[in-house]
Amino acid sequence: MTGTLITVAPTGAEHAKTDVPNLPVTLEELVAEAKACEAAGAGMIHVHIRGADTAPTLDPKRLEDTVAALRAETNLVVQLSTGGAVTDPEDHRLRVLDAMPDSASCTMGTVNFGDDVFMNRWEFIVELHKRMAERGIVPEYEIFDLGQLATLRRLLDQHGLPAGGHVHVDLVMGVPGGMPGDAETLVAATRAIPAGATFSATGVGRTTLPVMLAALSAGGHLRVGMEDTITFKRGERVRDNAQLVERAAEFAALAQRPALSADDVRALIKVSQNN
Ligand code: KMH
Ligand code: ZN
């Protein structure tokens, strides 16, 4: 692997704008952050949107407008979250695909999520996987715990490869209730990732740096962003998402695997150029 896919996850569904005033929640804020992150080295954006009240929403029109604006203003691969917030019902999460993003997240199982539960039933996972395959949307299989990699193998064995034929996995590490964010666990995960698949990794909160360094040394790609961490270093809040992308791009360059352009990312995870 000669380059590094850097995905930015700028918003998420968990932080409140009142607690994190620099969190991008309007379309204008999101597009501005996306442009800065692309300039800093991001190739893909993992998108959660907010409503006018700044609360997480899966409103279909807002999702469509978001995909259109990101496509018009950036060259980033646009990935919508089908995870949404822990309170989102399955039908709303499935409906996200109607906005026809290039890619969408698809989590491989239920996991305790802090004091909440992030529900992902087997039948729901299968439905997401099938609908993405029918529409040519490239999934990113989100893995919060090691057993979810067994679910991924079961999914691929029973229901075939995703759109484009390539499997890309994202290890979301350090969520309270999921796998720890450390090098040992990342290596264990790499052993269970299907042959030929690519993976990226992100560590939430204080696991950000250990996971980033472990992922790079294991040949993986990186996800960073304020969805996963709002602290840049001990005692210092993140300035903006581009600051996190810049740091990831610097680490990737040091590892002699510089940040991939959005077009390189399309080629890597097999996103159709028509999207
Ligand atoms: N917000 C979490 C409950 C995803 O985007 O697919 C789920 C999540 C995963 O962020
Ligand atoms: Zn997400």
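For the structure itself, look to the data block above.
What counts and what doesn't
- Residues numbered from 1 in each chain as written.
- Chains lettered and ligands numbered in written order.
- Predicted model: local features only at pLDDT ≥ 70, side-chain atom pairs only at ≥ 80, totals over all residues.
- Heavy atoms only, no water.
- Donors = N, O, S within 2.8 Å, 3.2 Å for Na, K, Ca; no water.
- Helix = DSSP H or I, 4+ residues; strand = E, 2+ residues; numbered from the N terminus.
- Buried < 20%, exposed > 50% of the residue type's maximum accessible area, 1.4 Å probe, protein only.
- Contact = heavy atoms within 4.5 Å.
- Near = heavy atom within 4 Å.
- Polar contact = N/O pair within 3.5 Å; in protein donor to acceptor, adjacent residues only side chain to side chain.
- Areas by Shrake-Rupley, 256 points an atom, 1.4 Å probe, with all protein chains shown as cover.
- 1 Å grid on protein atoms, 1.4 Å probe; cavity = no way out; pocket = protein on both sides within 12 Å on 5 of 7 lines; lining within 4 Å.
- Sits in = over half its atoms within 2 Å of the grid points.
- Nonpolar A, V, L, I, M, F, W, Y, C, P; charged D, E, K, R; others polar.
- Expected span 1.5 Å × (residues − 1).
- Arc of directions from axis to C-beta.
- Pairing = 2+ DSSP bridges.
- Axes fitted to C-alpha atoms, helices over the stretch in contact; angles between N-to-C directions.

J.: So what exactly am I meant to see when it comes to the coordination of the zinc ion (ligand 2) here?
T.: At 2.1 to 2.2 Å from the zinc ion (ligand 2) lie its protein donor atoms, namely H46 (NE2), H48 (NE2) and E227 (OE). Summarised as a motif, the one-chain spacing of the donors to the zinc ion (ligand 2) is H-x1-H-x178-E. Of the two residues, H48 is situated in the loop between β2 (44-47) and β3 (49-50) and E227 in the loop between β12 (221-224) and β13 (231-233); the sequence distance between them amounts to 179 residues. Looking at E227, the relative accessible area reads 14%, which means it is buried.

J.: I would appreciate a short explanation of helix α7 (residues 208-217) in the present structure.
T.: Turn by turn, an α-helix covers 3.6 residues, leaving residues three or four places apart pointing in a common direction. Turning to α7, its buried residues number three or more, namely T208, V211, M212, A214, A215 and L216. In this fold, the buried residues of α7 make contact with β10 (168-173), α6 (183-192), β11 (198-203), β12 and α8 (241-254). Following α7 by one or two positions, G219 has its phi on the positive side, about 85°.

J.: Help me understand the site of ligand 1 in this model?
T.: Near ligand 1 you find E14, H46, H48, S81, G83, G84, V86, S105, T107, F113, F118 and E227, and these make up its full shell. One nitrogen or oxygen atom from the side chain of H46 is found 3.0 Å from an oxygen atom belonging to ligand 1. Between ligand 1 and G83 there is a distance of 3.3 Å, counted from an oxygen atom to a backbone nitrogen or oxygen. If ligand 1 stood free it would expose 300 Å²; the protein chains cover 98% of that surface. Its atoms largely coinciding with the cavity grid, ligand 1 occupies the largest pocket. When the residues that make up the shell around ligand 1 are grouped by side-chain class, the tally is three nonpolar, seven polar and two charged.

J.: Looking at this structure, I do not really get unusual backbone geometry. What am I missing?
T.: With the exception of glycine, the majority of residues adopt a negative phi angle, and the majority of peptide bonds are in the trans configuration. Here T54, not a glycine, exhibits a phi torsion of approximately 75°, which is positive. Structurally, T54 can be placed in the loop between β3 and β4 (56-57). One non-glycine residue, M100, lies in positive phi territory at about 50°. Along the chain, M100 turns up in the loop between α3 (90-95) and β6 (103-107).

J.: I would appreciate a short explanation of helix α2 (residues 60-73) in the present structure.
T.: Over its 14 residues, α2 runs 20 Å from end to end, which matches the ideal 20 Å to within 8%, given 1.5 Å per residue. Those residues of α2 that sit buried are L63, T66, V67, A69 and L70. Within α2, the buried residues cover an arc of 165° as seen down the axis, which keeps them to one side. Relative to its buried face, α2 has exposed residues pointing more than 90 degrees away, namely K61 and A72. Buried-residue contacts for α2 involve α1 (27-40), β2, β3 and β5 (77-80).

J.: Teacher, can you tell me more about the environment of L5 here?
T.: Mapped onto the fold, L5 is located in the segment before β1 (6-8). Measuring from C-alpha to C-alpha, the distance between L5 and R266 comes to 10.0 Å, with 261 residues separating the pair along the chain.

J.: Can you help me understand the sheet that holds β11 in this one?
T.: To summarise the sheet geometry, strands pair through backbone hydrogen bonds and adopt either a parallel or an antiparallel arrangement. In space, the eight strands of this closed barrel follow the order β1-β2-β5-β6-β9-β10-β11-β12, with parallel pairing throughout. Within the sheet, the average angular offset between the axes of one strand and its neighbour, ignoring direction, is 25°. For β5 and β6, the ladder comprises two bridges, and the chain directions are parallel. Counterpart to L80 in the pairing with β6 is A104. Helix α4 (residues 122-135) contacts β6 and β9 (138-143) of the sheet and is inclined by roughly 160° relative to β6. Contacts from α6 reach β10 and β11, with the element oriented near 155° to β10.

Read these as geometric descriptors, not functional statements.
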